[in-house]
Each structure stands twice: as C-alpha cells, then as structure tokens.
Amino acid sequence: MYRITIDRKACDGVFACLVRDARFVEDSEGLAAIETDDQTAIEATFDDDRRDDAEQAAAACPLDAIHVESVEEDAGAADTPAATDHEEVQP
C-alpha cells in the first residue's frame, strides 16, 4: 500500500503531474488534486500496481508538492475511505 499526498501550500498549478499519472486532476481552485472513485482529494491511499506512475508524477513536480510513501495496511482499513480531504474537519 502507498499514500499520495499533495502539499497545497507548495502546489502552484504547474500540472506536470497530470501527464505522468491520470489520477491527478485540476481542482476548482486551479491546483492539483487526486481523483478517486467519485471525489477529489489531497491525500489518498492505494493498493494497486500504479505506484510507479505516482512516483513519476511526484518526480515531475518542480515544486516537490507531491509525496508518495509506503503505508502499512490497518486492520480497519476496509472500513476507512481510501481518500481523505484534509480541508474537511474530522470529528
């Protein structure tokens, strides 16, 4: 499993990531976001074979606004959404 995180303060809308990984999109604020099933997020966890695409997108970002890191699978991960928007307040 791996997590992709976008640093919104560092992102400047260059969008070099969009041509490296189709999961990256321009959001309503003109910055990069990660597209998941039916939403966009600034952080998402994946368990697939597209990590190389994510790492290429991170490497292409001239502002180092994208981070890809390994994460361990939680026992409760099946009950947790794959993507979270850090701008929302969590209870």
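Since this is a predicted model, take the numbers as computed values, not measurements.

How each quantity is defined
Residues numbered from 1 in each chain as written. Predicted model: local features only at pLDDT ≥ 70, side-chain atom pairs only at ≥ 80, totals over all residues. Heavy atoms only, no water. Helix = DSSP H or I, 4+ residues; strand = E, 2+ residues; numbered from the N terminus. Buried < 20%, exposed > 50% of the residue type's maximum accessible area, 1.4 Å probe, protein only. Contact = heavy atoms within 4.5 Å. Core = buried A, V, L, I, M, F, W, Y, C linked by side-chain atoms within 4.5 Å. Pairing = 2+ DSSP bridges. Axes fitted to C-alpha atoms, helices over the stretch in contact; angles between N-to-C directions. Phe/Tyr/Trp six-rings, centres within 6.5 Å; stacked < 30°, edge-to-face > 60°. Lys NZ or Arg CZ within 6 Å of the ring centre and 35° of its normal. Arc of directions from axis to C-beta. pLDDT = per-residue confidence, 0-100.

Student: What is the right way to read the overall build of the chain from this model?
Tutor: From N to C terminus, the chain includes one helix and seven strands. Along its sequence from the N terminus, the chain presents helices and strands in the succession β-β-β-β-β-α-β-β. Buried positions account for 35% of the 91 residues belonging to the chain. Here the contacts in the chain between residues at least 6 apart in sequence split such that 64% fall between residues at least 24 apart.

Student: Hey, could you run me through the nonpolar core in this one?
Tutor: Nonpolar side chains tend to gather and get buried jointly when the protein is soluble and globular. Residues Ile4, Ile6, Phe24, Ile34 and Ile66 are the most contacted members of the largest nonpolar core, which totals 18 residues. If you list the elements that add at least two residues to this core, you get β1 (2-6), β3 (32-36), β5 (43-46) and α1 (51-60). Not counting residues within four places of it along the chain, the set of residues in contact with Ile34 comprises Ile4, Ile6, Arg23, Phe24, Gln39, Thr40, Ala41, Ile42, Glu43, Ala44 and Phe46.

Student: How do you make sense of the sheet that holds β3 when you look at a structure like this?
Tutor: The strands that make up a sheet are held in pairs by hydrogen bonds between backbone atoms, and each pair lies either parallel or antiparallel. Pairing is antiparallel across the open sheet formed by three strands, whose spatial order is β2-β3-β4. If you trace the sheet from one side to the other, it starts and ends with β2 (24-26) and β4 (39-41), each paired once. On average, adjacent strands in this sheet sit at an angle of 50° to one another, irrespective of strand direction. Both β2 and β3 contribute to a ladder of three bridges, which runs antiparallel. By the bridge assignment for β3, Glu26 is matched with Ala32.

Student: For this particular structure, what's the right way to read the packing of aromatic side chains?
Tutor: Two aromatic rings, taken as a pair, are described by how far apart their centres are and by the angle between their planes. Enumeration over the complete set of coordinates arrives at one aromatic pair. The ring of Phe46 has Arg23 lying over it, and the distance from NZ or CZ to the ring centre is 4.5 Å.

Student: So what exactly am I meant to see when it comes to α1 here?
Tutor: The α-helix winds at 3.6 residues per turn, so residues separated by three or four positions along the chain end up facing the same way. Of the residues making up α1, those classed as buried are Ala54, Ala57, Ala58 and Ala60. Buried positions in α1, seen along its axis, are confined to an arc of 165° and lie on one side of it.

Student: In this structure, what is going on with the confidence of the model for the chain? I would like to understand it.
Tutor: In regions of low pLDDT, the predicted coordinates are not meant to be interpreted in detail. On average, the chain scores 86 in pLDDT, and the residues at 70 or more come to 81%. Within the model, the stretch residues 75-81 combines pLDDT values under 50 with zero contacts to residues more than four positions away or in other chains. Counted against residues more than four places away or in other chains, residues 84-91, with its pLDDT under 50, gives 10 contacts.

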